[in-house]
Number of protein chains: 2
Amino acid sequence: MTSRSQTIADTLTRAIIDHRLVPGCKLGERELAEIFDVSRIVVRQALIRLADDGLAQIERNRGAFVAKPSMQEAMEIYDALTLVEQGVAAQLSDRLGPAGWAELRQHVERQRQAVAAGNDALADVLGQEFHTVFVRLSRNKVMQEIHAQLVRRTTLLRSLITADFDYCNLLDDHSRVVDLLEKGRLKQAMDLIDTHHRTVVRGYIMDREVFAEMTPAEALAPYLDGKADGATLVPSRKPARTSGNGDSAGHVHVHLPKTDRASTSRASTKKTNRGLPT
Amino acid sequence: MTSRSQTIADTLTRAIIDHRLVPGCKLGERELAEIFDVSRIVVRQALIRLADDGLAQIERNRGAFVAKPSMQEAMEIYDALTLVEQGVAAQLSDRLGPAGWAELRQHVERQRQAVAAGNDALADVLGQEFHTVFVRLSRNKVMQEIHAQLVRRTTLLRSLITADFDYCNLLDDHSRVVDLLEKGRLKQAMDLIDTHHRTVVRGYIMDREVFAEMTPAEALAPYLDGKADGATLVPSRKPARTSGNGDSAGHVHVHLPKTDRASTSRASTKKTNRGLPT
DNA sequence: ACCATAAGATTGGATATCAATCAATAATTT
DNA sequence: AAATTATTGATTGATATCCAATCTTATGGT
């Protein structure tokens, strides 16, 4: 059995990944303690874990908030992610056996089928998972954890951001990376990884209040008590968008007027942006 | 002002880096609470931070211990470190300006002078710092933190390990890396980084009880109350060895008989191994 | 010698309490 | 009336004490 603070940290992480808790959201100790029905101390420990992961920031005597990365930090996160995935690519091009390549191809194929079937939600999940599978094949748990942490932090950015670019160039990037790597064209594969992330970042436009705010109580309600897995837990995971290959969403042009902390717009429109490119 | 648990975590980290707290060492809550004169809860929070950093492992209802990486994990940590530094090298070869190269050369030069002056302690510190400076020049704070964490974890390994290889090939590696990079020979530089770490790891031999154990109270005494900086805090930082370029120690052939948890050998011989290659 | 049980110690957590600090209001001054 | 100051309230950081669960060790019986 893991510690209570760990499970709470995991739940909060899940909620952040699902964009139910958005950057800047206050994570009050007493509030969370009531929600999870634990003492404040356990909540504090969970928040420390989140802060260590870069998902929350704790300000002395002011409390914890969901981290709100700056544009600068966003670039750094994506740079680091690129660096890690390029490095893994280099390792895989040397060391990966037939089984590994098969797994990658199978994953890409599953994603393609999901797209073909119009199951955008599944395609999204698979698209996100591709990177994880990719790194897992390095068989380096340390690297996996670092990568996973970076990926989690990118989800923060997608809460803050309005996508504004042409997704066409990103189509089939995963497939092409696998192709290039297996053919030994490492340099091109690495460039493609770089371009992939760079294009995504370039399209990002920092914007406040893209998502409707939810109180922690509302945001966390689906995760409590229910023992079901994440897929079924959050109904709003299915993104409301037009099309995509699972790694990208349809054009989303949401440029809300930059209201400063509009505390009025609470729990109103459930505008979710899941499915933005990874 | 930072939180108390953070400063305690920092102190424990420092003690671990200085090999005063060795892998496997029990970190009892009550004991540490008395040492730092805080409540157990603060200690727990500090231990959670250490565990998140990979420097401690917490076993339910058994407590926290200084992490004791397996040989497998050791390899993974060094692989990850290599990957990160290679990636940074690639970035620097593109983007680093004259000032950056100058800083690297200056650092190498300072280390060389320290070696020439026979100031092995300083040379050691500079040798360790080189990697940090190297990564800092990427101007990516996220990457810096990841790298620093990996470096911290490698110090764990040096507590567990007996070095057993020829250090000659490692001499001037730093200088050569800078040379190669500035000349645009990225591939060779990356290979050299790989070889550097690989040679170090290959020479490692997992061995128990290479270092004398200290109780946490003894280990932490130098860090308490004194407001001096780390350099003057720990007198035992000057390693007792023959020669080296600051990035490596002289031949250290310490193959102690593998005693199982010899709780007898406590606070006896202060055998420190600082200055092993990075 | 060996296994089982009981005692002791340690951890994980809850609750209540207190000081310090921040935020927001109310009161005062100009 | 506007701006500044003072007061109040709320939240955090931290402590002390207490309790249950679990692990470790010591004891005792076979």
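S.K.: Go over the sheet that holds strand S1 (residues 26-27) of chain B with me, naming the residues and quoting the values.
M.R.: Residues and elements named next belong to chain B. Ordered in space as S1-S3-S2, the three strands form an open sheet in which the pairing is antiparallel. With partners counted over all chains shown, the strands left at the sheet margins are S1 and strand S2 (56-59), one partner each. The sheet contact formed by S2 and strand S3 (residues 63-66) spans four bridges and is antiparallel. Across the sheet, the residue bridging to Ala-56 is Val-66, located in S3. Contacting S1, S2 and S3, helix H3 (residues 40-52) crosses the sheet at an angle of about 115° to S2.

S.K.: Break down the relation of the copies chain B and chain A for me, with residues and values.
M.R.: Two copies of the chain are present, and they differ by a rotation about an axis and a shift along that axis. Superposing chain B onto chain A takes a rotation of 180° plus a shift of 0.0 Å along the axis, which leaves an RMSD of 0.0 Å. Here the transformation between the copies is reduced to the relation of a two-fold axis. Interface residue correspondence from chain B to chain A reaches 100%, placing this contact among same-surface, isologous pairings.

S.K.: Describe the interface of chain B and chain A, listing the residues and the values that go with them.
M.R.: Tallying the contact residues gives 32 residues for chain B and 32 residues for chain A. Buried surface at the junction of chain B and chain A, both sides included, amounts to about 2,500 Å², of which 59% is carbon and sulfur. Three residues stand out in chain B for area buried against chain A, namely Glu76(B), Leu83(B) and Val142(B), and they jointly supply 23% of the buried area on that side. For the interface between chain B and chain A, the tally reads two salt bridges. Notably, a salt bridge pairs Asp79(A) with Arg95(B), separated by 3.6 Å at the nearest N-O pair. If you look at where chain B meets chain A, you find six residue pairs in polar contact (both at pLDDT 80 or more). The element that contributes the greatest number of residues to the side of chain B that touches chain A is helix H4 (residues 71-95) of chain B, accounting for twelve residues. Broken down by class, the residue content of the side of chain B that touches chain A amounts to twelve nonpolar, eight polar and twelve charged.

Calculation rules
Residues numbered from 1 in each chain as written. Chains lettered and ligands numbered in written order. Predicted model: local features only at pLDDT ≥ 70, side-chain atom pairs only at ≥ 80, totals over all residues. Heavy atoms only, no water. Pairing = 2+ DSSP bridges. Helix = DSSP H or I, 4+ residues; strand = E, 2+ residues; numbered from the N terminus. Contact = heavy atoms within 4.5 Å. Axes fitted to C-alpha atoms, helices over the stretch in contact; angles between N-to-C directions. Least-squares fit on C-alpha atoms with pLDDT ≥ 70 in both. Buried area = accessible area lost by both parts, 1.4 Å probe. Salt bridge = Lys/Arg side-chain N within 4 Å of Asp/Glu carboxyl O. Polar contact = N/O pair within 3.5 Å; in protein donor to acceptor, adjacent residues only side chain to side chain. Nonpolar A, V, L, I, M, F, W, Y, C, P; charged D, E, K, R; others polar.

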